[in-house]
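One-letter residues, chain by chain:
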Amino acid sequence: MSPWQRSGGLLRLAARIATGSLARRRRCSLPERLGAFPRRLPLESGVRINWNDRQIPFVEAASEADLAVALGALQGHLRLAQIEIMRLIAYGRLSEVLGSAAVDLDHTLRIVDFPRAAPRLEAQLPEATRRWLESYVAGLNSAIEQARELPEEFRLFGVRPEPWRVEQVLAISRLAALDFSWRVWRRLLPLRERSDWSDLWQRMATAEAAPVPSLAGGSGVERAIDQLWAGLGRSGSNAAAISAARSATGGALLTSDPHLSIMAPNTWLAVGLAAPSFRIVGLMIPGLPVMALGRNEHIAWSGTSLHAASSDLFDVTDLPADAIAERSERIGVRWGADQERRVRESEHGPIVSDAPLLTGRRKRGRGRAAADSPRDLALTWIGHQDSDEVSAMLGMMRARNWAEFTEAIDGFAAPAQNLVFADAEGRVGQAMAAHLPRRPPGRPDDLVLPPDALSNWRERVRARDLPRRFEPEAGFVASANNRPIDDPPVPVGFFFSPDERVRRLSEALAARGDLQLADLRHLHRDVAMPSAPAIRDLLLLALEAGGAGTPDGRSGELVRCLREWNGLHSADSRGALAFELFLYHFLHSLHGEDGMALYRGSLQPWELLREDVSTLPEERIGQAARRAAARAARTFARHGNWGDLHRLVLSHPLSALPLVGRRYRFCDRPVGGSNETLMKTAHGLSSGRHRVGFGANARFLADLGQPDENYVVLLGGQDGWLGSTTFDDQLPAWERGEYARLPLTRECVRAEFRHEMQIEPEAPTPASAKDGPDA
């Protein structure tokens, strides 16, 4: 299929926007949006919803079933298009709306098969969880049925949402559990085709290197796939809990800023919920009726990705032919004929090396003989096995203490999390929530395992088997995707983030015994990287290697700014600009484009840099540094500061459309931060202007001593309705470090969430209408 054929559907969509009624987007006020919410739902009794000016709801119901119905309706009201897109992704049906351009992506998704376990999971649900999910689905479907107007995305694609089922919600939960390991593989598998792979693997494994989640480089298709992985998998975040002994307020404190794709609508929803069994506020993922992080009247919790090895890749090439099953998947294609694609499976799982966009098979051949035949790689993933995260998270929402909390997380398998906890008595704790295979100790010899290593998966290690801490002597717990401090009984993972963020966070928390929420707000916007001064000095030392003098002219100005840099990646920093430009050109001059692959594939580039500077010939280091200074100086002279290159671009996925994509871009402005600052704004090694694709996209704070002292801000807004005044209204607040309060008590909710509505049960269908005219 030619590129013109693949892009034809996207061009049709662009023309539909440019020439049709969608070309004129109407601004929609908060009263208009609230007026569109259904006033009758399939309830047992009435439900009360209070909304604040950001369109954040607090729902009060007389039963959990009614609460779930209202939650389904409000998620449908706020994020219907986003939820529908997630369903299409989970089931590999994007081609039905995007045309042939999405066929390779759908083929990849059909192979990965996110819904694989969903039918089994639904059959095994406890009755209380089943009723919660059925009620949520009833509310979501009622919102769809009663919608007076569908979101712009549906009108653009000319489709209507189908009714939802519980099984599909469970499939979405598996999509949201997308494994961190897969992002590692996407970067490393192409390198595995090189003749020097063994050396590369050893070097990366020693440094615990892993792919930088930058989303900045590669082709459009590669960026789209990376955006998908970053947006759905929980691969980053900072979180900490501070005991009452270190708090100025007398209550334990909790801080959280999850790191996901920077996009609009935001990947989080802020919500308050109340039923007789709990009152809770926090953040949830649209499409899932559970709180991912938040607080109730007794406890608060958040988490970061554990970077666990929840998957393995197996080389099944040499298995007998009858060990591989094959089926054909029919992919519906808008504006074209349906396509048949092959999907193969083994005892080890789906053969993911057949997936066009997961393993990089299309890039084969680099550094190896063309006669080398492709290997068949199968995926074993914990998400294809049985576990019940919905019940686990409902248990966390209801928990009143550490014992109930840790009991609940024992059923949580994926995505693996490092959870922080605080309670109303002022205590804090930390625990891992994961199910992992019982692997042998040590690192594997290769990224891909032999088939007999599947025996590691015959027994699982659960949360109760993993280390946890309660009431630590330090008076706080902190997590930032770093290697777990305590030794687990099995290898948890092999690729962790550097200690930059957890070190900065821990040092700040340990420095004071009178911490307040204001201090935690400041840390949310912190742009210091602890190792930056040492790395700067290493680069300056490289310039002096070989006995050359200090550069002058434009190079001299760059070196001066680098030497005077304070280590902060502020948007207005000249030093940060000099640092990033010089670093890129130094590595490129030292290794060339081919050698840059190792650095681009690493989350621990500083360790690799230190090794290079200490082991490579001094003359080579000096020559590379002087070339780098000259090249970097040219870009440096054209830009005023780091923010000129480092851009916060808030855009909808439809911004990728040709011709009219600008319609779906909502801001392009300078931003501070970097890959390993607490205010994470990730980027790849770059020599020019780039957009932040991944980073801190929400912030949450709670004071357990005060039930109403909970605060939230989203990078963007609460509403997913294009044109709504609350679509991106929180962006200025996020930039200024401001928050909206999320109170817990009924009195404060009703005082501050001033837009009130009463939702009544649907009128019963008259018996005559129910029975029909011939009854």
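Residues numbered from 1 in each chain as written. Predicted model: local features only at pLDDT ≥ 70, side-chain atom pairs only at ≥ 80, totals over all residues. Heavy atoms only, no water.

Undergrad: Just checking my understanding: could you explain the overall build of the protein for this structure?
TA: When helices and strands are counted, the protein shows 25 helices and 31 strands. Counting every position in the protein, which comprises 775 residues, the buried fraction comes to 63%. Look at the contacts in the protein between residues 6 or more apart in sequence, and 75% of them connect residues 24 or more apart. Surface exposure of the protein reaches about 28500 Å², of which carbon and sulfur atoms provide 49%. (Helix = DSSP H or I, 4+ residues; strand = E, 2+ residues; numbered from the N terminus. Buried < 20%, exposed > 50% of the residue type's maximum accessible area, 1.4 Å probe, protein only. Contact = heavy atoms within 4.5 Å. Areas by Shrake-Rupley, 256 points an atom, 1.4 Å probe, with all protein chains shown as cover.)

Undergrad: Explain the sheet that holds strand S13 (residues 339-346) to me, please; I cannot follow it from the model alone.
TA: In a beta sheet, neighbouring strands are held together by backbone hydrogen bonds and run either parallel or antiparallel to one another. Across the sheet, which stays open at both edges, the 3 strands sit in the order S12-S13-S14 with antiparallel pairing between neighbours. Strands with a single pairing partner mark the edges of an open sheet, and in this sheet they are strand S12 (325-331) and strand S14 (349-350). As paired strands, S13 and S14 are joined by 2 bridges and run antiparallel to one another. By the bridge assignment, Ser346 is partnered in S14 with Gly349. Packed on one face of the sheet, helix H5 (residues 103-112) meets S12, S13 and S14 and runs near 30° to S13. (Pairing = 2+ DSSP bridges. Axes fitted to C-alpha atoms, helices over the stretch in contact; angles between N-to-C directions.)

Undergrad: What is the right way to look at the packing of aromatic side chains in this model?
TA: Ring pairs (aromatic) are described by centroid distance and by the angle formed between their planes. Inspection of the entire model under this criterion finds 16 aromatic pairs. Ring centres 6.2 Å apart and planes at 5° place the aromatic pair Phe582 and Phe586 in the stacked group. Separated by 4 residues within a single helix, Phe582 and Phe586 lie in helix H19 (residues 574-600), roughly one turn from each other. Here the two residues Phe582 and Phe586 agree in accessibility, since each one is buried. Between Phe666 and Phe727, the ring centres sit 4.9 Å apart and the planes meet at 65°, which makes this aromatic pair edge-to-face. Placement of the pair is Phe666 in strand S24 (residues 665-670) and Phe727 in the loop between strand S29 (710-714) and helix H23 (731-736), with a sequence separation of 61 residues. Residue classification places Phe666 among the partly exposed positions, given a relative accessible area of 23%. A relative accessible area of 4% means that Phe727 is categorised as buried. The ring of Phe636 carries the charged tip of Arg574 above its face, separated from the ring centre by 4.0 Å. (Phe/Tyr/Trp six-rings, centres within 6.5 Å; stacked < 30°, edge-to-face > 60°. Lys NZ or Arg CZ within 6 Å of the ring centre and 35° of its normal.)

Undergrad: Before we go on, may I ask you to explain the side chain of Asn52 in this structure?
TA: On the secondary structure map, Asn52 appears in the loop between strand S2 (47-51) and strand S3 (57-61). Owing to a relative accessible area of 7%, Asn52 belongs among the buried residues under this scheme.

Undergrad: I tried to follow the side chain of Thr726 on my own but got confused; where do I start?
TA: Within the fold, Thr726 resides in the loop between S29 and H23. Ignoring sequence-local partners within four residues, the contact set of Thr726 consists of Leu30, Asp53, Arg54, Gln55, Gly717, Gln718 and Asp719.

Undergrad: Mind showing me how you'd approach the pairing of strand S8 (residues 278-284) here?
TA: On any regular strand, side chains alternate: one points to one face of the sheet, the next to the other face. Counting buried residues in S8 gives 7 out of 7 residues, a clear majority hidden from the surface. Of the pairings in the sheet, the one linking strand S7 (residues 269-275) to S8 comprises 7 bridges and is antiparallel in character. Following the sheet pairing, Leu273 is matched in S8 by Ile280. Counting the residues in the hairpin turn of S7 and S8 gives 2 residues. The pairing of S8 with strand S9 (residues 293-296) spans 4 bridges and is antiparallel. Pairing of Leu283 across the sheet is with Leu293, part of S9.

Undergrad: Sorry, what's going on with the nonpolar core here?
TA: A general feature of soluble globular proteins is that nonpolar side chains tend to end up buried together. Counting residues in hydrophobic clusters, the biggest one holds 237 residues, and the most contacted among them are Leu273, Phe405, Phe582, Phe586 and Leu609. Sequence-distant contacts of Leu273, that is, excluding residues within four places in its chain, are made with Phe58, Val59, Leu67, Leu71, Phe278, Arg279, Ile280, Met284, Met291 and Met397. Membership of the second largest hydrophobic core comes to 10 residues, among which are Ala416, Leu436, Val461 and Val490. (Core = buried A, V, L, I, M, F, W, Y, C linked by side-chain atoms within 4.5 Å.)

Undergrad: Could you clarify how one ought to interpret the packing of helix H18 (residues 553-564) against helix H21 (residues 618-638) in this entry?
TA: When two helices pack together, their arrangement is given by the angle between the helix axes and the distance between those axes. Across the interface, H18 lies against H21 with an axial gap of 8 Å and an inter-helix angle of 85°. Taken together, the axis directions place H18 and H21 in an arrangement best described as roughly perpendicular. On H21, the residues that touch Arg554, Ser555, Glu557, Leu558 and Cys561 of H18 are Ala629, Ala630, Ala632, Ala633, Arg634, Phe636 and Ala637. Across the contact of H18 with H21, the residue classes tally to 8 nonpolar, 1 polar and 3 charged. (Parallel < 35°, antiparallel > 145°, perpendicular 65-115°, else oblique. Nonpolar A, V, L, I, M, F, W, Y, C, P; charged D, E, K, R; others polar.)

Undergrad: Help me understand helix H16 (residues 517-524) in this model?
TA: Along an α-helix, a turn takes 3.6 residues, which lines up residues three or four apart on a common side. Looking only at H16, the buried set comprises Leu517, Asp519, Leu520, Leu523 and His524. The arc that holds the buried residues of H16, viewed along the axis, is 155°, so those residues lie on one side. (Arc of directions from axis to C-beta.)

Undergrad: Looking at this structure, how should I read unusual backbone geometry?
TA: Of all residues except glycine, most have a negative phi; of all peptide bonds, most are trans. In the segment running from Ala264 into Pro265, the intervening peptide bond is cis, with an omega of 0°. Residue position: Pro265 is located in the loop between strand S6 (259-261) and S7. Cis geometry marks the peptide bond from Ala414 to Pro415; its omega dihedral reads 0°. Tracing the backbone shows Pro415 in the loop between helix H14 (402-409) and strand S16 (417-423). Phi is positive for His307, close to 55°, though the residue is something other than glycine. Among the structural elements, His307 can be located in the loop between strand S10 (299-305) and strand S11 (311-315). Here His307 falls in the buried class, since its relative accessible area comes to 2%. Within the chain, Glu471 stands out as a residue other than glycine whose phi angle is a positive 55°.

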